[in-house]
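# Secondary and tertiary structure notes
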Amino acid sequence: MTKIVILTGAGISAESGLGTFRDAGGLWENYDLSEVATPEGFARNPALVHDFYNARRKNAAEAIPNAAHAALARLQAARPGEVLIVTQKIDDLHERAGSQAVLHMHGSITRARCAACGQTWDAPSRMRAGDQCPSCTAPATRPDIVWFGEFPYHMEAIWDALRAADLFVAIGTSGSVYPAAAFVQDAARAGAHTLELNLEPSETVTDFAEARHGRASAIVPAWVA
Ligand code: BV8
C-alpha cells in the first residue's frame, strides 16, 4: 500500500550532468518547446525532433545515477511496497540506481512508439524520420514521450496513490508543468504531509507544508537517512 509518493523532476538528474529545462542554460533556452515537445512540432519537422531526442538519449545513456537516485532506491528497499516514485523525467537513472516502483508520467527516452498502431518497443540509440514500425510497418515511429497537449501516462494510478499517501515529496521540479504541479494539492486534500526538496523555492512552494532547499545529492540522502 503506497504511503509515500515522490515526484521527481529534471533537478534530480542535474548533478548527473543532464540539463534541466528552465534553469539558466536549460533546454528551453536552446530549443523552442513548441517545435520539439509537441505533436504539432513533430508533424512539422520529425527530423528536428528525432535529433533533439537522439542527443538526449545519448546523454542519458552516458549519465550516472547520483546520490539522490541512490538514496531513493535505498528508501524503497527499506520500505517495500510503500514508496512510489512518479517521475517527470524520461531518463532511466532511477531504475539504474536500483529503484523498482517508478512511473514515467512523461514517457521514457529508452522507448519508441508507433503513432499509427500504438505499439511500443525499446528505442534504438538513433531514431530517424520514416523508420518503420516493427509491428504494423507504418513509417510512423516516434519517441515514446508525452508532449505538451498529450495525456500523461499512469494518471489513474498516480491519483489513486496520491489519495492513499501519508506523505508527498517533490524533488527537483519547478512546479511549472501540469498536471504534475498540482499533485501537491491533490495529496494535501487527501490529508498527506507535503515536502518540497529543491535547489530553490519552486513556483508551487507555498502549496507545501515544508520545504528544504539545496542540491538534491545532499538534501535527499539527508532526508532519507
Ligand atoms: C496535459 C517531455 C491534459 C519529455 C514534457 C492545467 C492543467 C492541466 C494541463 C495544463 C494546465 N495548464 C497548462 C496545461 C498544459 C500543459 C502545461 O502544463 N503547460 C505548462 C507549460 C503551463 N500540460 C500538458 O500539456 C500535459 N498534458 O495537460 O494533458 C490533462 C489535463 C488534466 C489532467 C491530466 C491531463 C503534458 C505535459 C508533459 C509535457 N512534456 N517533457 C521531455 O522532453 O523531457 S514537460 C517537461 O517539463 C519535462 O517532462 C520536465 O520534467 C517537466 C517539468 O519540468 P521540471 O522537471 O520541473 O524541470 P525544470 O527545468 O522546469 O525545473 C528544474 C528544477 O530543478 C528547478 O526548480 C531547479 O531549481 C531544480 N534544480 C536544478 N538543479 C538542481 C535542482 N534541484 C535539486 N538539485 C539540483 N542540483
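Since the model is a prediction, treat every value here as computed from it, not as a measurement. (Residues numbered from 1 in each chain as written. Predicted model: local features only at pLDDT ≥ 70, side-chain atom pairs only at ≥ 80, totals over all residues. Heavy atoms only, no water.)

## Quick notes on the overall build of the protein chain
Of the regular secondary structure elements, the protein chain holds nine helices and nine strands. Relative to a compact globule of 225 residues, whose C-alpha radius of gyration would be 17 Å, the protein chain shows 17 Å and is just as compact. Its C-alpha atoms give the protein chain principal-axis dimensions of roughly 50 × 35 × 30 Å. Looking at the protein chain as a whole, 51% of its 225 residues qualify as buried. Sequence-distant contacts, at least 24 apart, represent 63% of the contacts inside the protein chain between residues at least 6 apart. (Helix = DSSP H or I, 4+ residues; strand = E, 2+ residues; numbered from the N terminus. Rg over C-alpha atoms; globule rule 2.2 N^0.38 Å. Buried < 20%, exposed > 50% of the residue type's maximum accessible area, 1.4 Å probe, protein only. Contact = heavy atoms within 4.5 Å.)

## Focus: the site of the ligand
Around the ligand there are 35 residues in total, and F21, R22, H106, T173 and S174 lie nearest to it. The backbone of V146 places a nitrogen or oxygen atom 2.9 Å from a nitrogen atom of the ligand. Contacts to the ligand include S174, whose side-chain N or O atom sits 2.6 Å from an oxygen atom. (Near = heavy atom within 4 Å. Polar contact = N/O pair within 3.5 Å; in protein donor to acceptor, adjacent residues only side chain to side chain.)

## Some thoughts on the packing of helix α5 (residues 67-78) against helix α9 (residues 216-224)
Taken N-terminus to C-terminus, the directions of α5 and α9 make an angle of 20°; their axes are 7 Å apart at the nearest point. Comparing the axis directions of α5 and α9 gives the class roughly parallel. As α5 runs across α9, the sense of the crossing is left-handed. Contacts from A67, A68, A71, L72, R74 and L75 of α5 reach α9 at A216, S217, V220, P221, W223 and V224. Among the residues making up the contact of α5 with α9, the classes are represented as ten nonpolar, one polar and one charged. (Axes fitted to C-alpha atoms, helices over the stretch in contact; angles between N-to-C directions. Parallel < 35°, antiparallel > 145°, perpendicular 65-115°, else oblique. Left-handed = near helix turned anticlockwise from the far one by under 90°. Nonpolar A, V, L, I, M, F, W, Y, C, P; charged D, E, K, R; others polar.)

## So, the packing of aromatic side chains
Under the definition given, this model contains seven aromatic pairs. The interplanar angle of 25° and the centroid separation of 6.2 Å between the aromatic rings of W28 and F52 together place this pair among those described as stacked. In this pair, W28 is assigned in helix α1 (residues 27-30) and F52 in helix α4 (residues 46-62), connecting sequence segments 24 residues apart. Residue classification places W28 among the buried positions, given a relative accessible area of 19%. (Phe/Tyr/Trp six-rings, centres within 6.5 Å; stacked < 30°, edge-to-face > 60°.)

## A word on α9
Turning to α9, its buried residues are A216, I219, V220, P221, W223 and V224. In the core, the buried residues of α9 are packed alongside β1 (4-8), α5, β7 (167-171), β8 (193-198) and β9 (210-213).

## Re the UniProt feature "binding site: Zn(2+)" (unreviewed entry) in the protein chain
Under the local residue numbering, the UniProt record ascribes the feature "binding site: Zn(2+)" (unreviewed entry) to C114, C117, C133 and C136. In three dimensions, the annotated residues from a span of 23 residues occupy one location, with a maximal C-alpha spread of 8.5 Å. Note that C133 resides in the loop between β5 (120-122) and β6 (141-145). Residue class for C133 comes out buried when judged on its relative accessible area of 2%. Residue contacts for C133: discarding those within four places in its chain leaves C114, C117, Q119, W121, A138 and T141. Tracing the backbone shows C136 in the loop between β5 and β6. (UniProt positions renumbered as here; feature names shortened; annotations may be inferred.)

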